[in-house]
Amino acid sequence: MNSTTTRTAPNTALSGAWFALALAALGLSALFAVVLVVARTPFLGQGAELFRTALVLHVDLAVQVWFLAMAAGIWSLTAQKSGVLRWIAFALAAAGTVALLAAALPGDATPLLTNYIPLLDHPLFYAGLCLLLGGVACAAALSLPGLLRRPLEPWRLPAAGAVVAVLGTAVVMLINFFGPADWMAAESLSLDDQLWGVGHGLQFVHVLLLMAAWSVLAEPALTGSTIKRQAQWVAFALALLPTLAVPLIALLVPLGTVEQRALYTELMRWGAWPGAVLLGGMIAAGLVDQVRHGVALSDEQKGLALSLLLFGAGCLLGTLIRGESLAVPAHYHGTVGAITLAYLLWLRRLAAERWVDAAHLAPLQRLPL
């Protein structure tokens, strides 16, 4: 990694604020996971309603808030200055996160286990989700010029691609919820229909940012030859190109049709993994070559290898999915675990190198990774 172009990022407070929001969401999601266990424990359980409510909050905090706040923090690393608009974007996302949690307090919100983005049927929850996604979309749009500014470190390209994916997903959401009525395939659409394309679009965002994290963590394994660098750009292109189809499907195929759902499913099935697998294979080969030459892996490299293994296992398990089975949560937790581990390793390095406000991230410096 070129320290002369990355350690001088001046936007420490803003990035640190986004990362603090992300870590808070990750911690709260773990607490709700404990609630899930308690709700299913004999003599302690409080019923199926509590379980479903805790499940909604656990998933949304662990995936939507944690991943998207991390994305905004990564995008902010290259900003020349914070500016009022960037702080407004953060404030919107933070307020949205609080609203998601507050929606569960009255106890009258019905949990809806929709695919990808489960919901609580409460106006406050819907408002919170809109604020969160709106704040992240604003942060993405504001960060694109800085990500593409030269010198262009390799990690910036997939991070910029994730911006494109977020903005494309925002277009899908606007079409699905506010589009003309004659574009809908049925008079009564379910929330699952409306969120299907949005959920699939966000998967590409997460994969692209996973590749950005891997590129930072594996910089030594990816250097040394022009072929490696060119293959790295090919991997980024393979991950970026499918994201362009996400809004096109929403624009060209009516919402609620079997065809639209099938197109998004096939797009994710064949488009989400090739770029990441190519990049991961290159990194794995570099780590193996290092061990073969008698150089021990550092703790960070061991964590990186585990992230690669989890992602590969998650992808393989995804190919075994045939209807509802244990392969579904296994695939989900494998890929989510790979991204979470890569982000924690990156945050640990950021805290050590003082790229962001150490006051926000000091606990990460003590992680036994």
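The structure presented is a predicted model; accordingly, all values stated were derived computationally and were not measured. (Residues numbered from 1 in each chain as written. Predicted model: local features only at pLDDT ≥ 70, side-chain atom pairs only at ≥ 80, totals over all residues. Heavy atoms only, no water.)

Caption draft 1: Inspection of the packing of helix α10 (residues 245–252) against helix α11 (residues 258–271) at higher detail. It is the contact of α10 with α11, at a shortest axis distance of 10 Å, that shows an interaxial angle of 170 degrees. What the angle tells us is that α10 and α11 run roughly antiparallel. Contacts from Ala 245, Val 246, Ile 249 and Ala 250 in α10 reach Gln 260, Leu 263, Tyr 264 and Leu 267 in α11. Looking at side-chain class alone, the contact of α10 with α11 contains seven nonpolar, one polar and no charged residues. (Axes fitted to C-alpha atoms, helices over the stretch in contact; angles between N-to-C directions. Helix = DSSP H or I, 4+ residues; strand = E, 2+ residues; numbered from the N terminus. Parallel < 35°, antiparallel > 145°, perpendicular 65-115°, else oblique. Contact = heavy atoms within 4.5 Å. Nonpolar A, V, L, I, M, F, W, Y, C, P; charged D, E, K, R; others polar.)

Caption draft 2: Quick peek at the nonpolar core. Trp 18, Trp 75 and Trp 214 are the most contacted members of the largest nonpolar core, which totals 102 residues. Discounting chain neighbours no more than four positions away, the residues touching Trp 214 are Ala 276, Leu 279, Gly 280, Ile 283, Leu 304, Ser 307, Leu 308, Phe 311 and Ala 342. (Core = buried A, V, L, I, M, F, W, Y, C linked by side-chain atoms within 4.5 Å. Buried < 20%, exposed > 50% of the residue type's maximum accessible area, 1.4 Å probe, protein only.)

Caption draft 3: Representation of the packing of aromatic side chains within the structure. Applying the stated criterion to the full structure yields nine aromatic pairs. Between Trp 18 and Phe 90, the aromatic rings sit 5.2 Å apart at their centres with planes inclined by 85 degrees, giving edge-to-face as the arrangement. Linking Trp 18 in helix α2 (residues 12–39) with Phe 90 in helix α4 (residues 83–102), this pair joins segments that are 72 residues apart in sequence. On the basis of an interplanar angle of 85 degrees and a centroid distance of 5.9 Å, the ring pair of Phe 67 and Tyr 343 is categorised as edge-to-face. Of this pair, Phe 67 sits in helix α3 (residues 48–76) while Tyr 343 sits in helix α14 (residues 327–353), and the two are 276 residues apart along the sequence. Tyr 343 shares its class with Phe 67; the two are buried. Three or more aromatic residues joined by ring pairs form one cluster here, namely Trp 18, Trp 87 and Phe 90. Between Arg 40 and the ring centre of Phe 51, over which it is positioned, the NZ or CZ distance is 3.9 Å. (Phe/Tyr/Trp six-rings, centres within 6.5 Å; stacked < 30°, edge-to-face > 60°. Lys NZ or Arg CZ within 6 Å of the ring centre and 35° of its normal.)

Caption draft 4: Local environment of the environment of Gly 312. With respect to the helices and strands, Gly 312 occurs in helix α13 (residues 299–318). Here the alpha-carbon distance between Gly 312 and Gly 280, two residues 32 residues apart in the chain, equals 8.5 Å.

Caption draft 5: The confidence of the model for the chain, seen in detail. Taken over all residues, the pLDDT of the chain has a mean of 88, while the share at 70 or more is 90%. Across residues 1–10, confidence stays below pLDDT 50; counting only partners more than four residues off in sequence or on other chains, it has 17 contacts. (pLDDT = per-residue confidence, 0-100.)

Caption draft 6: Summary view of the packing of helix α7 (residues 191–217) against α14. It is at 9 Å that the axes of α7 and α14 come closest, and there the two elements cross at 45 degrees. Considered as vectors, α7 and α14 are oriented oblique to each other. Of the two possible hands of crossing, α7 and α14 adopt the one that is left-handed. Facing His 206, Leu 209, Leu 210, Ala 212, Ala 213, Trp 214, Val 216 and Leu 217 of α7, the residues of α14 in contact are Ala 338, Ile 339, Ala 342, Tyr 343, Leu 345, Trp 346 and Arg 349. (Left-handed = near helix turned anticlockwise from the far one by under 90°.)

Caption draft 7: A look at the pattern of salt bridges. Considering all chains together, one arrives at seven salt bridges under this definition. We note a salt bridge from Arg 261 to Asp 192, for which the minimum N-O separation is 3.1 Å. With Arg 261 in helix α11 and Asp 192 in helix α7, this residue pair connects regions lying 69 residues apart in the sequence. Residue classification places Arg 261 among the partly exposed positions, given a relative accessible area of 25%. Residues Arg 269 and Glu 266 are paired through a salt bridge, measuring 2.8 Å at the closest nitrogen-oxygen approach. One end of the pair, Arg 269, and the other, Glu 266, are both in helix α11, three residues apart, so they sit about a helical turn from each other. Taken together, the shared-partner salt bridges in this structure form one network comprising Asp 192, Asp 193 and Arg 261. (Salt bridge = Lys/Arg side-chain N within 4 Å of Asp/Glu carboxyl O.)

Caption draft 8: Summary view of unusual backbone geometry. For Tyr 116, which is not glycine, the phi torsion reads 70 degrees and is therefore positive. Locating Tyr 116 in the fold gives a position in the loop between β1 (110–112) and β2 (119–121). The partly exposed category is assigned to Tyr 116, whose relative accessible area is 27%.

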